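Coordinates in review
Below, each chain spelled out in residue letters.
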Amino acid sequence: KVSTMDPAGSYDNGSFQVMNQVYPFLMNFVPGTGALEPDIAQRCAFSAPTTYNCVLKPGLKFASGNPISAEDVVFSFQRAVLLDKTPAFILTQFGFTKENVKQRIQQTGPLTLTLTTEKVFAPTFVLSPSGHSTKAIRFWMNAAFRRYS
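First things first, this report covers the structure right here in the doc. (Residues numbered from 1 in each chain as written. Predicted model: local features only at pLDDT ≥ 70, side-chain atom pairs only at ≥ 80, totals over all residues. Heavy atoms only, no water.)

A closer look at the nonpolar core
Burial of nonpolar side chains together is a common tendency in soluble globular proteins. Membership of the largest hydrophobic core comes to 25 residues, with the highest contact counts inside it found for L26, L56, F77, F96, I105, L113 and L115. Elements represented by at least two residues in this core include exactly β3 (41–48), β4 (51–56), α2 (70–83) and β6 (112–116). (Core = buried A, V, L, I, M, F, W, Y, C linked by side-chain atoms within 4.5 Å. Buried < 20%, exposed > 50% of the residue type's maximum accessible area, 1.4 Å probe, protein only. Helix = DSSP H or I, 4+ residues; strand = E, 2+ residues; numbered from the N terminus.)

Here we look at the sheet that holds β3
Spatial ordering of the open sheet is given by β3-β4-β6-β5, a layout of four strands whose pairing is antiparallel. Looking along the sheet, the strands with just one partner apiece sit at the ends: β3 and β5 (105–109). Neighbour-to-neighbour, the strand axes of the sheet open up by a mean angle of 25 degrees, direction not taken into account. Bridge analysis of β4 against β6 gives five bridges, and the strand direction is antiparallel. Note on β6: the bridge partner recorded for T51 is T116. Docked against the sheet, α2 engages β4, β5 and β6, running at close to 175 degrees with respect to β5. (Pairing = 2+ DSSP bridges. Axes fitted to C-alpha atoms, helices over the stretch in contact; angles between N-to-C directions. Contact = heavy atoms within 4.5 Å.)

Topic: the packing of aromatic side chains
Using the criterion set out here, one finds one aromatic pair in the structure. Both rings, one in F46 and one in Y52, keep their centres 5.0 Å apart while their planes meet at 55 degrees; by these two values the pair is tilted. Here F46 falls in the partly exposed class, since its relative accessible area comes to 28%. (Phe/Tyr/Trp six-rings, centres within 6.5 Å; stacked < 30°, edge-to-face > 60°.)

Regarding the state of the cysteines
All chains considered together, the criterion is met by one disulfide. The disulfide that involves C44 links it to C54, with 2.1 Å between the sulfurs. Taking the torsion about the sulfur-sulfur bond, which here is approximately 120 degrees, the covalent link between C44 and C54 counts as right-handed. Here C44, found in strand β3, pairs with C54, found in strand β4; they are ten residues apart in sequence, far enough to count as distant. Of the two residues examined, C44 and C54, each falls in the buried class. (Disulfide = S-S within 2.5 Å.)

Remarks on the environment of C44
Classification of C44 as buried rests on a relative accessible area of 15%. The residues contacting C44, other than those within four sequence positions of it, are M27, Y52, N53 and C54.

Description of unusual backbone geometry
Residue D84 is not a glycine yet carries a positive backbone phi of 55 degrees. Summarising the element assignment, D84 is placed in the loop between α2 and α3 (89–92). Look at D84 and you get partly exposed, because its relative accessible area is 48%.

So, the pairing of β6
The pairing of β5 with β6 spans four bridges and is classified as antiparallel. Paired with Q106 across the strands is T114, a residue of β6. Where β5 folds back onto β6 in an antiparallel hairpin, the turn is made up of two residues.

Right, here's the structure in full:
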């Protein structure tokens, strides 16, 4: 059963089965392995123990034809924390709160963004959800509604 198509509000298998086919990831698992590879990201990496940087692939577009930017990704992450629905724990476990999310998840350029965690976590812990159904580093189309509706 699909409960919602809003990844900021759903945490059920039915919804995820559909969303997994519709919305891209920044990073995703290589099929059949635990290895991560870029999806809409050109690259993502830690630049410091608490700082994770992503660069988006240039030229990506929404289905509408409008360009995808770091602003869209940042908006989506911030929105998930601010709405505080079930999936929010995926980001809040890294120290993102309603009070600090706008300072800790920021656009740093047209195609770049930075996530700064509250404390040092094992990179495998931070990265593991990024390609998993938990959607920690998941990007979805909701940002398009803000910019293009």
